[in-house]
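Single-letter residue listing:
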Amino acid sequence: MAPSGPPPSTTPNGLTLSLSVEGMTCASCVKRVEKAISKVEGVDSVAVNLATEKATVHAQSSLDYQSVVHAIHKMGYTVIADTINLEVEGMTCASCVSRVERVLNKVPGVSEASVNLATERASIKGSADPAALIRAIKKAGYQARVLQDNPVPDEDGSATDRKALELQSLQHSLTIALVLTLPVFVLEMGSHMIPAFHHWVMNTLGTQTSWLIQFALTTLVLVGPGRVFYQKGIPALLHLAPDMNSLVAMGTLAAYGFSVVATFLPDILPAATVNVYYEAAAVIVTLILLGRFLEARAKGRTSEAIKRLVGLQARTARVKRDGQSIELPIDEVRQGDLVEVRPGERIAVDAEVTEGSSYVDESMITGEPIPVEKSPGSKVVGGTVNQKGAMTLRANAVGQNTVLAQIIRMVEQAQATKLPIQAMVDKVTLWFVPAVMAAALLTFLIWMMAGPSPALTYAMVNAVAVLIIACPCAMGLATPTSIMVGTGRGAELGILFRKGQALQLLRDAKVVAVDKTGTLTQGKPVLTDLETAPGFDRTTILAQVAAVENRSEHPIARAIVQAAQDEGIQIADATAFESLTGLGVRATVTLPDAPSAQLQVGAQHFMDSLGIDTSVFRESAQQMAEQGKSPLYAAVDGHLAAIIAVSDPIKPTTPGAIKALHDLGLKVAMITGDNERTAHAIAASLGIDEVVAQVLPDGKVEAVKRLQARYGCLAFIGDGINDAPALAQADVGLAVGTGTDVAMEAADVVLMSGNLQSVPNAIALSKATIDNIRQNLFWAFAYNTALIPIAAGVLYPAYGILLSPIFAAGAMALSSVFVLSNALRLKRFHPPAGETTPAKGVGA
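Residues numbered from 1 in each chain as written. Predicted model: local features only at pLDDT ≥ 70, side-chain atom pairs only at ≥ 80, totals over all residues. Heavy atoms only, no water.

### Some details on the packing of helix H19 (residues 538-549) against helix H20 (residues 555-566)
Helices that pack against each other are described as a pair by the angle of their axes relative to one another and the distance between those axes. As a packed pair, H19 and H20 sit with axes 9 Å apart at the nearest point and diverge in direction by 135 degrees. One finds that H19 runs oblique with respect to H20. Along this stretch, H19 crosses H20, giving a crossing that reads as left-handed. Counting all contacts with H19, which are made through Leu542, Val545, Ala546 and Glu549, the residues of H20 involved are Ala557, Arg558, Ile560, Val561, Ala563 and Ala564. In terms of residue class, the contact of H19 with H20 is built from 8 nonpolar, no polar and 2 charged. (Axes fitted to C-alpha atoms, helices over the stretch in contact; angles between N-to-C directions. Helix = DSSP H or I, 4+ residues; strand = E, 2+ residues; numbered from the N terminus. Parallel < 35°, antiparallel > 145°, perpendicular 65-115°, else oblique. Left-handed = near helix turned anticlockwise from the far one by under 90°. Contact = heavy atoms within 4.5 Å. Nonpolar A, V, L, I, M, F, W, Y, C, P; charged D, E, K, R; others polar.)

### A few points about the confidence of the model for the protein
Within the protein, residue pLDDT values average 80, and 82% of them lie at 70 or more. Note on residues 149-159: pLDDT under 50 across the span, and 22 contacts to partners over four residues away in sequence or across chains. Counting interchain partners and residues more than four positions distant, the pLDDT-below-50 stretch residues 837-844 has 23 contacts. (pLDDT = per-residue confidence, 0-100.)

### A few points about the sheet that holds strand E25 (residues 630-636)
Taken in spatial order, the 6 strands line up as E21-E26-E25-E24-E23-E22 in an open sheet, and their pairing is antiparallel. The two strands at the open ends of the sheet, each matched to only one other strand, are strand E21 (526-532) and strand E22 (574-580). On average, each strand axis in the sheet is inclined to that of its neighbour by 20 degrees, with strand direction left out of account. Sheet contacts for helix H22 (residues 618-626): E21, E25 and strand E26 (639-647); angle to E26, the most-contacted strand, approximately 10 degrees. (Pairing = 2+ DSSP bridges.)

### A few points about unusual backbone geometry
With the exception of glycine, the majority of residues adopt a negative phi angle, and the majority of peptide bonds are in the trans configuration. Pro454 follows Ser453 through a cis peptide bond whose omega is -5 degrees. By the secondary structure assignment, Pro454 is in the loop between helix H14 (421-450) and helix H15 (455-469). The phi angle at Ala576 is positive, at roughly 55 degrees, despite the residue not being glycine. Mapped onto the elements of the fold, Ala576 is located in strand E22. Non-glycine residue Asp637 carries a positive phi angle of around 55 degrees. Mapped onto the elements, Asp637 comes out in the loop between E25 and E26.

### Side note on H22
Regarding H22, the residues found buried are Ser620, Ala621, Met624 and Ala625. All buried residues of H22 project into a common sector of 135 degrees when viewed along the axis, lining one side. Of the exposed residues in H22, the ones pointing more than 90 degrees away from its buried face are Arg618, Glu619 and Glu626. In this structure, the buried residues of H22 make contact with E21, E25, E26 and helix H24 (676-686). Just downstream of H22, Gly628 is the residue with a positive phi angle, here 80 degrees. (Buried < 20%, exposed > 50% of the residue type's maximum accessible area, 1.4 Å probe, protein only. Arc of directions from axis to C-beta.)

### Observations concerning the UniProt feature "transmembrane region" (unreviewed entry) in the protein
Per the UniProt record, "transmembrane region" (unreviewed entry) is annotated on residues 172-191, 211-230, 242-264, 276-294, 428-450, 456-479, 777-796 and 802-820. Here residues 211-230 runs as 85% helix and 0% strand, with 23 Å between its end C-alpha atoms. With 89% helix and 0% strand, residues 276-294 has its two end C-alpha atoms placed 30 Å apart. (UniProt positions renumbered as here; feature names shortened; annotations may be inferred.)

Have a look at this one:
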């Protein structure tokens, strides 16, 4: 359930309020709610999502929660909220409990209040403002305060429970409707279809008795399972804002009302028109309930990604308090707490290891299946799984601040967003229901004036068919269900759409611009080549060079030292170290069991200045240069000893990702600060189409602008702080999740792994989702629009074909089920570059 009257969350762009709205059934409902909220003072914009049943309201400065709730209630819908828990002080007996419950139940928006004397807590369900509840309790003579809510949406499963109860209620209503409708259908349609059965009914029951039985059973259907249509549809009609409930209510009441008159007052009707249509009213209600039941069950499956993400959260943590280890609910863990993790347990919070060591399965975050070693000082993420070791952690982030909670929020926000394509749907659905009612009225008038006898019967039946078949349920579900399933599938692949609009914009990308360091490459220089001259030992030279470079903090120097350490070489001390700007370094190195040696390490011009001939390595140096590497030379006591190359290696997955982007018809550009020769060498090896080299951080934005002007819609992928402006400038910015927080905040899409294959997968998913939405919209609009003339009887003059209201109801229900089923196909989306995450964790 959604928050109940919390202060709106503050964002850099103003205030945002999210509400769960119950009772919406079609696109016209969405439009009504949006229109009502937009009239509230202070509201800048509002987006309502039928599939998630959420309204997101934006304002610049102030926003009155109760005014928004009142506007929604006035339209006939309900704001569903979390249970508000209050701690109440001053109660001493049962009469205190009754008094507090009584005053709480009088607060506007309270649907149910329960007070417990033993725990001194009040539990309130509804949409009331917590401040109003506290004021009411204070006025009654008690004190109260709000207990902290669960930090993560639906952590307690309340929304899941509500959906399960809703599905159970629909199933119950459907069962009752089926049991009551079946005899009505058999009595009426059996008589039409089976002559022997007709004779049996006439001889045993008689026409009037048969009609009375049908009347009784149909009345039970309408006032029982079907009353929801009238409770919502008739008020909407009276407010001159009809929705699909209004269409169903009008259609079924027309069939039922005509049948009641034919049953009890047949003399006021033309003799030829006296007939009953109870079965139409009963079957329509039953079929639409069946459609809603199937919709609810399918909609439950669209949010499975969120459920799996929530399921990754630990529910408890073992915390050290006062020298003891105690098991606490996760929402009671505080930043700075020491948390113990046993082998095989799920890590509860984002933290830093203080004691112990282990390996942690981080596949839910990084997509890498190999567990990562953790030791004191290492960072761990809540939701990841500890392997065999035991560790003590210090909590750095809890509740809504954890990485997993942020991932859940990203997915929920993306699912709640309206895409640009939805604007067209909104414009059409605003007038669709009134247009359908006008078409039904026109149908009735034409059949009355020009139809065959009995004209009244034909007019009523065809008008009812028009009303029923045109219910725009499918139109309202067409876009949001695809977004929900598409973004959920993205989360399973480690692709998080921070902004829902990116899902549509990414599809239109013509060029993908890529930052080199950390995106195409590992982002960490490593020693790639060490070739020795005749008479020199590789291990000895590496040990000597590492001793010299250990005195430098340059990334190239650190890469050489790391290579030596990886080979188990003990780094010796260097003396008389000297750094020669623009040339290289030199020092004296003494290895164990070896005489001291003078080492010089630097580029070609350093060797030239020393008068050392490097021609023996000419071929190797040329080959390294062609590969985008910058060779270094090492000399010992004035003699050339080795050629060395350090480079930032290309990620193993990069070539396949570039190919996949080309297969999607996209151009690939590389933007880098490297020199032209190195940049072009890397681009040539990867098949990159365009290179923008020697670009300073502030020049990346200009490079992006030039590429946009040349190609059109551009997607930029980066991972560093200096990439943030370019990510913001691009039409769609994609941040590599292993990068910095600043880059991810500026991006529209976050790739949770450092695997570049996520980029073609994200673009392909965008294309698949938008294509799915278009299929849904075509079906919803074309299907409904095409069948309206058939329901109106346009085929009757030529072919004698009429569409029964019963078949119209079935066709309408089928339309919604088709849209939902089509959206669910996205769950089977196969990424072109292959799975980037295993089938668990975020990729469950």
